[in-house]
Amino acid sequence: MKVALISGGSRGIGAAAAEKFARSGYSVIINYNNSEQQANALQSRLLIEGCDVHLFRADVSRVAEVEAMFDYVGKYFKHLDVLVNNAGIAQTRQLQDVTEADYDGIMSVNAKGAFFCCKYALPYLTKCNGTILNVVSVWGIRGASCESVYSMSKHALLGLTRSLALELAETVSVNALCPPLVLTDMTANYSQTEIADFCRETGTRVYTSNQVADAVYSLATSGQNGVIADLT
């Protein structure tokens, strides 16, 4: 059976991607950190449907925990077909208000976490010519006012995607998906009017988590390499 690991897989895009891969016949490993209740509920729901779903708690900003997670993959699954680097945090704050802790927190999850997930997943991905799919953001392409650190972290993730697509081309495919505004709990405070105004001002559209998950699955299973998919 094919195996997929989804980081940040208990909520939002990650949860929708976990559902998509599980219902498509993959053994799915859902990584989570703080959202244990949501992770357990998602696993229970998919197990009832007959899917093969496993949980692994790890803070991807901590390298030792990432290494332990992929040791688990090696011990129990032996290989990995798809790694979806979805774990991420965001913050809306003006430059002068960003603290060192703010900066380190966002960069450690969004950039450092994805980097070390790729590193420790590699031995298992190369066994089956697997795929790395990085969930980035359109703000990693354009930049965004009041989200300088978030945008910076996503620019870094695009750089990682492009570099690894070249470096690993003979063994592993590496692609990135760049959605704009997605309806998740991170955007739940926005009103319909605010969302409409935002989309008009930025020339983007709004997506549901399931729509992005469909795009994640499609690109991760496409056999392509080095694709940066802008969903705007």
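For the structure, see preceding data.
Below or above, wherever it landed, is the structure these notes cover. Because the structure is a prediction, the values reported are computed rather than measured.

Turning next to the overall build of the protein. Each helix and strand counted, the protein has eight helices and nine strands in total. Its C-alpha atoms give the protein principal-axis dimensions of roughly 45 × 40 × 35 Å. When burial is assessed residue by residue, the protein has 51% of its 232 residues classed as buried. Accessible surface, the protein: about 10800 Å² in total, of which carbon and sulfur atoms supply 50%. If the 18 positive side-chain charges of the protein are averaged to one point and the 22 negative ones to another, these points end up 5 Å apart.

Within this structure, the stated rule accounts for one cavity of 30 Å³ or more. Along the walls of the largest cavity sit 13 residues, with Asn-85, Ala-87, Val-109, Asn-110 and Ala-114 positioned nearest its centre. Split into classes, the residues belonging to the lining of the largest cavity amount to seven nonpolar, five polar and one charged.

A separate point is the environment of Ser-10. Within the element layout of this structure, Ser-10 appears in the loop between strand S1 (3-6) and helix H1 (12-23). Sequence separation between Ser-10 and Ala-22 is twelve residues; the distance between their C-alpha atoms is 13 Å. The contact partners of Ser-10, leaving out residues within four places of it in the chain, are Ala-15, Ile-30, Asn-31, Tyr-32, Ser-35, Gln-38, Ala-39 and Leu-42.

The subject of this paragraph is the side chain of Asn-85. When you line up the elements, Asn-85 lands in strand S4 (residues 82-85). Dropping the residues within four chain positions of it, Asn-85 is found in contact with Ser-7, Ala-114, Cys-117, Cys-118, Ile-132, Leu-133, Asn-134 and Val-135.

Turning our attention to the pairing of strand S6 (residues 173-178). Of all six residues that make up S6, six are buried, and the element is covered over most of its length. Of the two faces of S6, the one carrying Ser-173, Asn-175 and Leu-177 and the one carrying Val-174, Ala-176 and Cys-178 are both buried. Judged from the three bridges that link them, S6 and strand S9 (residues 228-230) form a sheet pairing that is parallel. Residue Cys-178 lies in a different strand from S9, and its bridge partner there is Asp-230.

In spatial order, the strands read S3-S2-S1-S4-S5-S6-S9; together these seven strands make up an open sheet with parallel pairing. Since the sheet does not close on itself, it has two edges, and those belong to strand S3 (52-57) and S9, each with one partner. Ignoring which end each strand starts from, the neighbouring axes of this sheet average 15° apart. Contacts between helix H3 (residues 63-76) and the sheet are confined to S1, strand S2 (27-32), S3 and S4, with S3 contributing the most and set at about 155° to the helix.

With that settled, consider the packing of helix H4 (residues 100-125) against helix H6 (residues 148-167). Across the interface, H4 lies against H6 with an axial gap of 9 Å and an inter-helix angle of 15°. Between H4 and H6, the crossing angle belongs to the class labelled roughly parallel. Read as a crossing pair, H4 and H6 show a hand that is right-handed. Each of Tyr-103, Ile-106, Met-107, Asn-110, Ala-111, Ala-114, Phe-115 and Cys-118 in H4 lies in contact with H6, whose residues at this interface are Val-149, Tyr-150, Met-152, Ser-153, Lys-154, Ala-156, Leu-157, Leu-160 and Leu-164. When the residues that make up the contact of H4 with H6 are grouped by side-chain class, the tally is 14 nonpolar, two polar and one charged.

Rules used in this analysis
- Residues numbered from 1 in each chain as written.
- Predicted model: local features only at pLDDT ≥ 70, side-chain atom pairs only at ≥ 80, totals over all residues.
- Heavy atoms only, no water.
- Helix = DSSP H or I, 4+ residues; strand = E, 2+ residues; numbered from the N terminus.
- Buried < 20%, exposed > 50% of the residue type's maximum accessible area, 1.4 Å probe, protein only.
- Areas by Shrake-Rupley, 256 points an atom, 1.4 Å probe, with all protein chains shown as cover.
- Lys, Arg positive; Asp, Glu negative; His and termini not counted.
- Charge placed at Lys NZ, Arg CZ, Asp CG, Glu CD.
- 1 Å grid on protein atoms, 1.4 Å probe; cavity = no way out; pocket = protein on both sides within 12 Å on 5 of 7 lines; lining within 4 Å.
- Points joined across faces, edges and corners; volume = space filled by probe spheres on them.
- Nonpolar A, V, L, I, M, F, W, Y, C, P; charged D, E, K, R; others polar.
- Contact = heavy atoms within 4.5 Å.
- Pairing = 2+ DSSP bridges.
- Axes fitted to C-alpha atoms, helices over the stretch in contact; angles between N-to-C directions.
- Parallel < 35°, antiparallel > 145°, perpendicular 65-115°, else oblique.
- Left-handed = near helix turned anticlockwise from the far one by under 90°.

Keep in mind these values describe shape, not function.
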